[in-house]
Amino acid sequence: MTALQRLTMPARSPGGSEFAAPSQLAHSRDLSLPWYVAQLKPNGFQKARQNLMRQGYACFMPMRETIIRKARSERCCLRPLFPGYLFIGFDPASTQWRAINNTLGVNRLICAKTDLPQAVPQGMMWEMFNRCREDDVLRPAVDLSVGDAVRVVSGPFAGVLAEVDQVSNQARVALLLDLMGRATRAEFARADLEKISAP
């Protein structure tokens, strides 16, 4: 089951390419609206967002900062948290929502078996809104400390589990990796790490 499929499951209880700079990403975080997920066409984000907003829809795409390393240089760029998908806020009772499927850049709305769009649980949207800055970029983990267990979420080491060895500044963290039975120290961007909660 993908992350997006988990997002669109009904709640049990309440509760690759580069993108434009955050300042260019218009957004709305209206929790009075139900939120839905649209699957985008390849490289369709900019067209979809522009045309959906022109039609009056609220759009939200959480982004994360990642470090791109090339030769001896590195730079920070933005990548979508859910590549190929866009969150759209609207009231289906007062909206001709089927027109979304005909919008440039949009492939289709994610629908339930009833052929009606499947709303994302409000608690999930609230959590995503709160985890993102005002520019829709995911906040880096601020509670990492020496000894914490983390998972690398992007780059060549994606999926690797490691232990925090040193927290030097707000952007970089030194980890101890178990590579071929040997403890190896390496630095990672905070945005590329996910803290693993204790069971």
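Residues numbered from 1 in each chain as written. Predicted model: local features only at pLDDT ≥ 70, side-chain atom pairs only at ≥ 80, totals over all residues. Heavy atoms only, no water.

### Some remarks on the overall build of the protein chain
Tallying secondary structure elements over the protein chain gives three helices and eleven strands in all. Along the chain direction, N to C, the helices and strands of the protein chain fall in the order α-β-α-β-β-β-β-β-α-β-β-β-β-β. Taking all 199 residues of the protein chain together, the buried fraction comes to 36%. As displayed, the protein chain offers around 11900 Å² of accessible surface, 52% of which is attributable to carbon and sulfur atoms. (Helix = DSSP H or I, 4+ residues; strand = E, 2+ residues; numbered from the N terminus. Buried < 20%, exposed > 50% of the residue type's maximum accessible area, 1.4 Å probe, protein only. Areas by Shrake-Rupley, 256 points an atom, 1.4 Å probe, with all protein chains shown as cover.)

### Focus on helix α3 (residues 122–131)
Listing the buried residues of α3 in full gives G123, M125, M128 and F129. On its buried face, α3 is in contact with β1 (35–40), β2 (58–60) and β5 (85–89). (Contact = heavy atoms within 4.5 Å.)

### Details of helix α2 (residues 45–54)
Where α2 is concerned, the buried positions are F45, A48, R49, N51 and L52. Buried positions along α2 lie against β1, β2, β5 and β6 (106–109). Directly beyond the C-terminal end of α2, a positive phi value near 95° is found at G56.

### Here we look at the confidence of the model for the protein chain
Caution applies to low-pLDDT regions: their predicted coordinates should not be interpreted in detail. Confidence in the prediction of the protein chain, expressed as mean pLDDT, is 80, and 82% of residues score 70 or more. Low confidence marks residues 1–26, where pLDDT is under 50. Its contacts with residues over four positions away, or in another chain, come to 51 contacts. (pLDDT = per-residue confidence, 0-100.)

### Notes on the sheet that holds β2
The strand order across the open sheet formed by four strands is β2-β5-β1-β6, and the pairing between neighbours is antiparallel. Unpaired on one side and paired on the other, β2 and β6 mark the two borders of the sheet. For this sheet the average axis-to-axis angle between neighbouring strands, irrespective of direction, equals 35°. Pairing analysis gives three bridges linking β1 to β6, with the strands arranged antiparallel. The residue bridging Q39 from the neighbouring strand is R108, located in β6. On top of the sheet, α2 reaches β1, β2, β5 and β6; it is set at about 10° to β5, its chief contact. (Pairing = 2+ DSSP bridges. Axes fitted to C-alpha atoms, helices over the stretch in contact; angles between N-to-C directions.)

### Digging into a nonpolar patch on the surface
Taken together, the side chains of F157, L179 and M180 define a hydrophobic patch exposed on the protein surface, amounting to about 330 Å² of accessible area. The topology assignment puts L179 in strand β9 (residues 172–179). (Patch = residues over 30% accessible without salt bridge, like charges linked within 9 Å, V, L, I, M, F, W, Y side chains within 5 Å. Salt bridge = Lys/Arg side-chain N within 4 Å of Asp/Glu carboxyl O.)

### Quick word on the packing of aromatic side chains
The final tally for this structure, using the stated rule, is seven aromatic pairs. For the pair W35 and F129, a centre-to-centre distance of 5.5 Å together with 75° between the ring planes defines the contact as edge-to-face. Placement of W35 in strand β1 and of F129 in helix α3 is noted, with a sequence separation of 94 residues between them. A residue is classified by how much of its surface remains accessible, and F129, at 6% relative accessible area, is buried. An aromatic cluster is present here, built from W35, F60, F82, F87 and F129 joined pairwise through their rings. (Phe/Tyr/Trp six-rings, centres within 6.5 Å; stacked < 30°, edge-to-face > 60°.)

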